[in-house]
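Close look at the chain arrangement
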Amino acid sequence: MKDTGFRIGRACIFALGLSALGSGAAQIDSQSAPRPAPLTTSFDRSAAASPAEATIVQPVHLSFAPEESVYGPPQPPTELEMVNEGGVNVDLTVRYMTDNVFRGIDRSEVGGAEDAPNLQFDGRIYFDLGNKKPHPFVGTFVNVYNSDPISRFQEIRPFFGADFTLRPLIFEAGYTTYIFPERDDDNTSEFYAKITIMDEALFRTEKPILRPYLLAVYDFDVYNGWYYEAGIEHIFEIEKTGLSIKLSGLVSYSNGIELFRGDGPKGSDNGFQRYEIGVMGRYSLNTLLNFSRRWGEWSLVGYGYYADNLDDNLKVDSQIWSGGGIEFRY
């Protein structure tokens, strides 16, 4: 019994010694090992011993380096894009002509010297409503003739209408009034219709070749008759010069228009009335003066025409007339 008790006592003393030894080693290790720095952020500075010891963690920014766009940088507008592309366009011509000839009749043969100047204003406002829609227009023609013994404003010709493109045809219809101040008996009005063939669409060419057209007019006011006209034109453009030349030709037919009745016992108002040929030159002032088309298209224009009769029984003033002026389009 004594040996047994002695052994138990020794075991207890040995266990207590190991326990004390382990506790001391743990204390020594905890004192000698460096302490990890407290985790702090820029938003949590309370754990630091002092402001100087605070650890500031900068936020991480995720970004991509700029890359070149596949669409390329925006480009300045081209010369063609700097013109008026709105729904309203203006076409105005101011010119001096040696005669005021209308459908083969010289209306300036009422006084003054031969080839006395006629100041003419020819303007039109055009409304572009987009594709597949008619495009209405309104305008007027004015002839000022200082040598006229009755009224220097010899003729005022307001008109309106619309055109519609259905390739390869262009349809146009309108109404025209002829006003002769101080000559009320000569005032009249008419309806007209015109068909133009876009031959560039038929022949698949870049530009028109002849652009043939047919015009039909009905005077319902004074003459109560029909007037027909068929014509062609071709434009030659001299590249990089701003110069273009248009050649034109037409023939006309009268059916009951008393204005075209010839003199003499065989005078008639039915039949082929006249043929007419002409040339018009246009020179771009934008090209000459090197200024942008965003301010409109300005051109110098020159004209030369000749008309003669096809039937001696119908009236035509056979002559040459010409002139020149300035044209503005916007």
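Everything discussed here concerns the structure shown above.
First, a word on what this report is: a plain description of the structure on this page. Given the structure is predicted, the values throughout are model-derived calculations rather than measurements.

1. A closer look at the overall build of the protein chain
- Helix and strand counts for the protein chain stand at 3 helices and 14 strands.
- The buried share among the 330 residues of the protein chain stands at 30%.
- For the protein chain, the share of sequence-separated contacts (at least 6 apart) that also reach a separation of at least 24 residues comes to 52%.
- Just so you have it, the protein chain exposes about 21700 Å², and 61% of that area is on carbon and sulfur atoms.

2. Quick word on the sheet that holds strand β4 (residues 118-127)
- Taken in spatial order, the 12 strands close into a barrel running β1-β4-β5-β6-β7-β8-β9-β10-β11-β12-β13-β14, and their pairing is antiparallel. Adjacent strand axes in the sheet meet at a mean angle of 20 degrees when their direction is disregarded.
- Sheet topology places strand β12 (residues 270-284) next to strand β13 (residues 297-309); 11 bridges connect them, and they run antiparallel. Residue Arg-282 lies in a different strand from β13, and its bridge partner there is Val-301.

3. Describing a negative patch on the surface
- A cluster of acidic residues, Glu-182, Asp-184, Asp-185 and Asp-186, forms a negative patch on the protein surface.
- Inspection of the secondary structure puts Asp-186 in the loop between β7 (169-178) and β8 (188-197).

4. Some remarks on the layout of surface pockets
- Each pocket or cavity is described by its volume, and for the second largest pocket that value is around 420 Å³.
- Of all elements in the fold, only β3 (105-106), β8 and β9 (213-219) reach the threshold of two or more residues within the lining of the second largest pocket.
- Within the lining of the second largest pocket, the residues separate by chemical class into 11 nonpolar, 2 polar and 10 charged.

What counts, and at which threshold
- Residues numbered from 1 in each chain as written.
- Predicted model: local features only at pLDDT ≥ 70, side-chain atom pairs only at ≥ 80, totals over all residues.
- Heavy atoms only, no water.
- Helix = DSSP H or I, 4+ residues; strand = E, 2+ residues; numbered from the N terminus.
- Buried < 20%, exposed > 50% of the residue type's maximum accessible area, 1.4 Å probe, protein only.
- Contact = heavy atoms within 4.5 Å.
- Areas by Shrake-Rupley, 256 points an atom, 1.4 Å probe, with all protein chains shown as cover.
- Pairing = 2+ DSSP bridges.
- Axes fitted to C-alpha atoms, helices over the stretch in contact; angles between N-to-C directions.
- Patch = residues over 30% accessible without salt bridge, like charges linked within 9 Å, V, L, I, M, F, W, Y side chains within 5 Å.
- Salt bridge = Lys/Arg side-chain N within 4 Å of Asp/Glu carboxyl O.
- Lys, Arg positive; Asp, Glu negative; His and termini not counted.
- Charge placed at Lys NZ, Arg CZ, Asp CG, Glu CD.
- 1 Å grid on protein atoms, 1.4 Å probe; cavity = no way out; pocket = protein on both sides within 12 Å on 5 of 7 lines; lining within 4 Å.
- Points joined across faces, edges and corners; volume = space filled by probe spheres on them.
- Nonpolar A, V, L, I, M, F, W, Y, C, P; charged D, E, K, R; others polar.

Bear in mind that shape data such as this cannot, by itself, settle questions of function.
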